[in-house]
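Topology and contacts: notes
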Amino acid sequence: MQATRIIAVRHGETAWNVDTRIQGHLDIPLNETGQWQAQQLAQALADEPIDAIYASDLQRAFATAQAVADATGAPITPETGLRERSFGHFQGRTFAEIEAELPEDARRWRKRDPDYVPEGGESLVMLRERIERTVFALAEKHPGEQVLMVAHGGVLDVLYRLATRQEIQAPRTWQLSNAAINRLLWTPDGLTLVGWADTQHLDNAARDETLA
């Protein structure tokens, strides 16, 4: 079976990213920087052969994906399975507020306890199972093709771990930058990492603006 090439992207920036406020399943829009990042991403991928685009239905991800769809003409499909981890009662709070108001919850979260479930949310194990199931099912539909998947930081973190065979509770040493380009291959044996955290399209554009 031919491999499926996956371009995986975290959505553009939101005001809550800047405020370190937990979004989870709350539907927060892109801020002005995030909209700009989406356009730079679209320009960077405009000449890529993209056969299908799948995006989390949350607007920060879907709007990022829509910019690429407009540039490439590739069909776009909303996919709830690509949503961010549900953080339950953490959602809407900043990191500092969680530390102050829910210290024991904060400790278990910070230590990446794989079975810890924020009240009303998902554990890391639940997230990994959802993302693996969703991404593998989507990739299986496109042997020999390239697809774009636009999602969230937690989703991209799981994909990196699956591709590098790292445990869900292992400390993170890789970047999850907004609108960075990440590349993987999928076969029935699983995911393989090709390239990660390419932000050249954002760095170059920022330099060009400065020079102008």
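Everything below is about the structure shown above.
Residues numbered from 1 in each chain as written. Predicted model: local features only at pLDDT ≥ 70, side-chain atom pairs only at ≥ 80, totals over all residues. Heavy atoms only, no water.

**Let's talk about the pairing of strand β4 (residues 146-151)**
The two faces of a sheet get side chains in turn, since along a regular strand they alternate between them. Here is the rule we go by: Residue burial is assigned from relative accessible area. The probe radius is 1.4 Å, only protein chains are included, and a residue is buried under 20% of its type maximum, exposed over 50%, and partly exposed in between. Each helix is a run of H or I in the DSSP string that is no shorter than four residues. Each strand is a run of E no shorter than two, and both are numbered from the N terminus. Between any two strands, at least two bridges found by DSSP are needed for them to pair.
Among the six residues of β4, six are classified as buried, and the element is accordingly described as predominantly covered. Where burial is concerned, the two faces of β4 agree: the one with Gln-146, Leu-148 and Val-150 and the one with Val-147, Met-149 and Ala-151 are both buried. In this sheet, β4 lies alongside strand β1 (residues 4-10) in parallel orientation, the contact comprising six bridges. Bridging from a neighbouring strand, Arg-5 pairs with Gln-146 of β4. Relative to β4, strand β2 (residues 52-55) runs parallel, the two being bridged by four bridges. Considered in β4, the bridge of Tyr-54 is made with Met-149.

**Quick look at the packing of helix α2 (residues 32-45) against helix α3 (residues 59-72)**
Formally: Fitted lines through C-alpha atoms give the axes, limited to the stretch in contact for helices. The angle between two N-to-C directions lies from 0 to 180 degrees. Each crossing is labelled by how the near helix is turned from the far one, with a counterclockwise turn of less than a right angle marking it left-handed and a clockwise turn marking it right-handed. A contact between two residues is defined here by any heavy atoms of the two lying within 4.5 Å.
Remark: α2 packs on α3, axes separated minimally by 8 Å, with the N-to-C direction vectors making an angle of 35 degrees. Our pair here, α2 against α3, has a crossing hand that is right-handed. Contacts from Ala-38, Gln-39, Leu-41, Ala-42 and Leu-45 of α2 reach α3 at Thr-64, Ala-67, Val-68, Ala-71 and Thr-72.

**Observations concerning the environment of Gly-153**
As for its position among the elements, Gly-153 is in helix α7 (residues 153-164). For Gly-153, a relative accessible area of 9% translates into the label buried. A sequence separation of 62 residues divides Gly-153 from Gln-91, and the C-alpha atoms of the two residues are 15 Å apart. Once you skip the residues sitting within four places of it in the chain, Gly-153 turns out to touch Arg-10, Glu-84 and Leu-176.

**Section: the environment of Ile-53**
The topology assignment puts Ile-53 in strand β2. Residues Ile-53 and Met-149, 96 residues apart in the sequence, show an inter-C-alpha distance of 5.9 Å. When residues no more than four places from it in sequence are discounted, the contact partners of Ile-53 are Ala-65, Val-68, Ala-69, Thr-72, Ala-74, Pro-75, Ile-76, Thr-77 and Leu-148.

**Description of the nonpolar core**
Spelled out, the test is: Nonpolar cores were defined as sets of buried Ala, Val, Leu, Ile, Met, Phe, Trp, Tyr and Cys residues, with membership established by side-chain atoms within 4.5 Å.
Counting residues in hydrophobic clusters, the biggest one holds 29 residues, and the most contacted among them are Ile-6, Val-135, Met-149 and Leu-191. Sorting the residues of this core by element identifies β1, β2, α6 (124-140), β4, α7, β5 (181-187) and β6 (190-198) as the ones contributing at least two each. Here Leu-191 is in contact with Ile-6, Phe-136, Leu-159, Leu-162, Ala-163, Arg-165, Leu-184, Leu-185 and Trp-186, once residues within four sequence places are set aside. Counting residues in hydrophobic clusters, the runner-up holds 19 residues, among them Leu-30, Leu-45, Ala-55 and Ala-74.

**Structural notes on the side chain of Arg-130**
Applied cut-off: Here a polar contact is taken to be a pair of N or O atoms separated by no more than 3.5 Å, where protein atoms must pair a possible hydrogen donor with a possible acceptor and residues adjacent in sequence count only if both atoms sit in side chains.
Within the secondary structure, Arg-130 is located in helix α6. A polar side-chain atom of Arg-130 sits 2.9 Å from a polar atom in the side chain of Glu-122. If sequence neighbours within four positions are ignored, Arg-130 has contacts with His-25, Thr-80, Gly-81, Leu-82, Arg-83, Glu-84, Arg-85, Ser-86 and Glu-122.

**Here we look at the packing of aromatic side chains**
Where we set the bar: Only Phe, Tyr and Trp rings take part, Trp by its six-membered ring, and two of them pair if their centres are within 6.5 Å. Stacked means planes under 30 degrees apart, edge-to-face means over 60, and tilted covers everything else. In this analysis the charged atom, NZ for Lys or CZ for Arg, is taken to sit over a ring once it is within 6 Å of the ring centre and within 35 degrees of the ring normal.
Summed over the entire model, instances satisfying the criterion amount to seven aromatic pairs. For the ring pair Phe-87 and Trp-109, a centre distance of 5.8 Å and an interplane angle of 65 degrees mean the geometry is edge-to-face. Of this pair, Phe-87 sits in the loop between β3 (76-78) and α4 (95-101) while Trp-109 sits in helix α5 (residues 103-110), placing them 22 residues apart in sequence. The exposure class assigned to Phe-87 is buried, which follows from its relative accessible area of 11%. Judged by its relative accessible area of 22%, Trp-109 falls in the partly exposed class. Aromatic pair Phe-90 and Tyr-116: ring centres 6.4 Å apart, planes at 40 degrees, arrangement tilted. Highlighted residues: Phe-90 in the loop between β3 and α4 and Tyr-116 in the loop between α5 and α6, separated in sequence by 26 residues. Just as Phe-90 is buried, Tyr-116 falls in that class too. Aromatic ring contacts, followed pair by pair, group Phe-87, Phe-90, Phe-95, Trp-109 and Tyr-116 into a single cluster. The positively charged end of Arg-21 is found above the aromatic ring belonging to Trp-16, 6.0 Å away from the centroid.

Worth remembering: the numbers are spatial, not functional.
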